[in-house]
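Each chain, written out:
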Amino acid sequence: MYKGARVETIVSISWETLLDGVKKGNVRSLARIITLVENREPGWKDAMKSLYPLGGKAKIVGITGSPGAGKSTLTNAVARDFVARGYTVGIIAVDPSSPFSGGALLGDRLRMRDVVTLPEIFIRSMATRGALGGLCQGARDIARILDAFGKDVVIIETVGVGQDEVEVVKAADLVMVVCVPGQGDGIQALKAGIMEIADLYVVNKADREGADEVVADIGGMLDISDNGGRPQPPVIKTSALANQGITELVDALVQGFESGRNADSWQAQRVKEEILTLVETEILDYLRENWERTGDLDKAVEGILEKQTDPYSVVDSLLPLIREASRSKETT
Amino acid sequence: MNNKKIRVLIAKPGLDGHERGARIIAYGLRDAGFEVIYTGLRQSPEQIVSAALQEDVDVIGLSILSGAHLSLTKKVVDQLKSNDAEDILLVVGGVVPEQDVASLKEMGVAGVFTAGTSVSQVAQFISEQVNA
């Protein structure tokens, strides 16, 4: 039976069964846990708590770069190479949600044809869902679940626009920034603070004219930038479609796993940021629920629109709720 | 805070290259608020079901204009059965003669949408079925 069977299944399958399935390597349990955690279904935090100790072994690679740079095709090629070297790979492919309908078109699988059927690879498409700081945490959660499932490498492929990118790659151990010839001065993508987060530069579509100029541009920027004493990130030319330069790229990634910033203070900084993000979300959710129930938020908006008050006074008047929220956090 | 979204996989099994219908449906369902995973042309039933499982979709939509809808759909259904995934809602769109609709439904297809169906009809059908 197809019709209606699913609703029953969701309710009847408990977190415990799913967690057990993940531990046993069941792909469906893995996929369902990801959904439930992504949806923040009741119990998601407990599930993450029990998955957390199982992980910590996977290396997480973030891939970012402007739209059309070939991130998906590159992910496909890199994942295939990793599998050939004996690694298992999880891929999180992020695409934007529409801010209007809340829907999303997730098309990264189109470019990952070589790897979609490999049993060593699990691909999950993820929509940004426009959540406050949620993308980073969402990707981090899924990466952690894939890690607990036993994937050796997790690749997070980002949307490729805006400051969100910088956020999402914070979930990664190694970040590669993909550039292509023919986009302005070749380093447009590096303007948005992405320079600071790259461990590795890839000049993709290197069979095209202008690739060497892009490499030179990046090299020039690296020469004048302060890298905090770390070695300069390598710049690698690839043509993902023609499968050129992929071996060198994966060599560099593997080398990065060993030498990367994984070991230093970066790790502590990351954990700190994650805690703050989680707390922020919890408090905001709590406040929003309260405000929506009491109608205080609507009243405040009305007051501001009628010029009786201002946003700053509203925040001050609502602050007691925050204290209440922190108290309830302490007791639960 | 719960933010569940209906997830739909749109795939074209078989060899026909007529992609426009599938794309229109994919865009339309996105605009209806669904998360649509689009896998494109020439997907084998194994690829389709494997993608559906990994993406944990609520619905698989097959777009077939080759005339091979009966055999291709059958293969997808078989794959779903052997993966214990018959709870995923299956719908078919494309060029399907009237007399084949019953056969498809017998296989377990929940809805068949032929030429002239509006995207909003498809979206409404999916919403009702998934939230039923």
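On to the nonpolar core, then. All names here are of chain A. Core analysis: the biggest nonpolar cluster contains 42 residues, and Leu-30, Ile-33, Leu-51, Ile-92, Ile-145, Leu-146 and Ile-156 have the highest contact counts within it. Here the element with the most residues in this core is helix 6 (residues 134–149); it accounts for 7 residues. Composition of this core by domain shows at least three residues from each of domain 1 (1–54) and domain 2 (56–262). Aside from chain neighbours lying at most four places away, what touches Ile-92 is Arg-124, Met-126, Ala-139, Ile-142, Ala-143, Leu-146, Val-154, Ile-155, Ile-156 and Glu-157. Ranked by size, the runner-up nonpolar core spans 34 residues in total, among them Leu-74, Phe-82, Met-112 and Leu-174.

Attention shifts here to a negative patch on the surface. Residue and element names in this part refer to chain A. Together, Glu-289, Glu-292, Asp-298, Glu-302 and Glu-306 make up a region of like negative charge exposed at the surface. Elements with a minimum of two residues in the negative patch: helix 10 (265–294) and helix 11 (296–305). Note that Glu-306 resides in the loop between helix 11 and helix 12 (311–331). Overall, the relative accessible area of 48% leaves Glu-306 in the partly exposed class.

A word on the environment of Gly-210 of chain A. With respect to the helices and strands, the residue Gly-210 of chain A is situated in the loop between strand 7 (200–203) and helix 8 (211–224). The class of Gly-210 of chain A is partly exposed, set by a relative accessible area of 23%.

Looking now at the interface of chain B and chain A. In this assembly, 42 residues from chain B lie in contact with 37 residues from chain A. Summed over both sides, the interface between chain B and chain A buries roughly 3600 Å², with carbon and sulfur atoms accounting for 47% of that surface. The interface formed by chain B and chain A includes 4 salt bridges. Here Arg-28 of chain A ties to Asp-87 of chain B by a salt bridge, and the two come within 3.1 Å at their closest N and O atoms. One can count 18 residue pairs in polar contact (both at pLDDT 80 or more) joining chain B with chain A. Listing elements by their share of the side of chain B that touches chain A, those giving two or more residues are helix 1 (20–31), strand 2 (35–43), helix 2 (45–55), helix 3 (69–82) and helix 5 (119–131) of chain B. No other element matches the 8 residues that strand 2 of chain B contributes to the side of chain B that touches chain A.

What counts, and where the lines are drawn
Residues numbered from 1 in each chain as written. Chains lettered and ligands numbered in written order. Predicted model: local features only at pLDDT ≥ 70, side-chain atom pairs only at ≥ 80, totals over all residues. Heavy atoms only, no water. Core = buried A, V, L, I, M, F, W, Y, C linked by side-chain atoms within 4.5 Å. Buried < 20%, exposed > 50% of the residue type's maximum accessible area, 1.4 Å probe, protein only. Helix = DSSP H or I, 4+ residues; strand = E, 2+ residues; numbered from the N terminus. Domains from an automatic or database assignment. Contact = heavy atoms within 4.5 Å. Patch = residues over 30% accessible without salt bridge, like charges linked within 9 Å, V, L, I, M, F, W, Y side chains within 5 Å. Areas by Shrake-Rupley, 256 points an atom, 1.4 Å probe, with all protein chains shown as cover. Salt bridge = Lys/Arg side-chain N within 4 Å of Asp/Glu carboxyl O. Lys, Arg positive; Asp, Glu negative; His and termini not counted. Charge placed at Lys NZ, Arg CZ, Asp CG, Glu CD. Buried area = accessible area lost by both parts, 1.4 Å probe. Polar contact = N/O pair within 3.5 Å; in protein donor to acceptor, adjacent residues only side chain to side chain.

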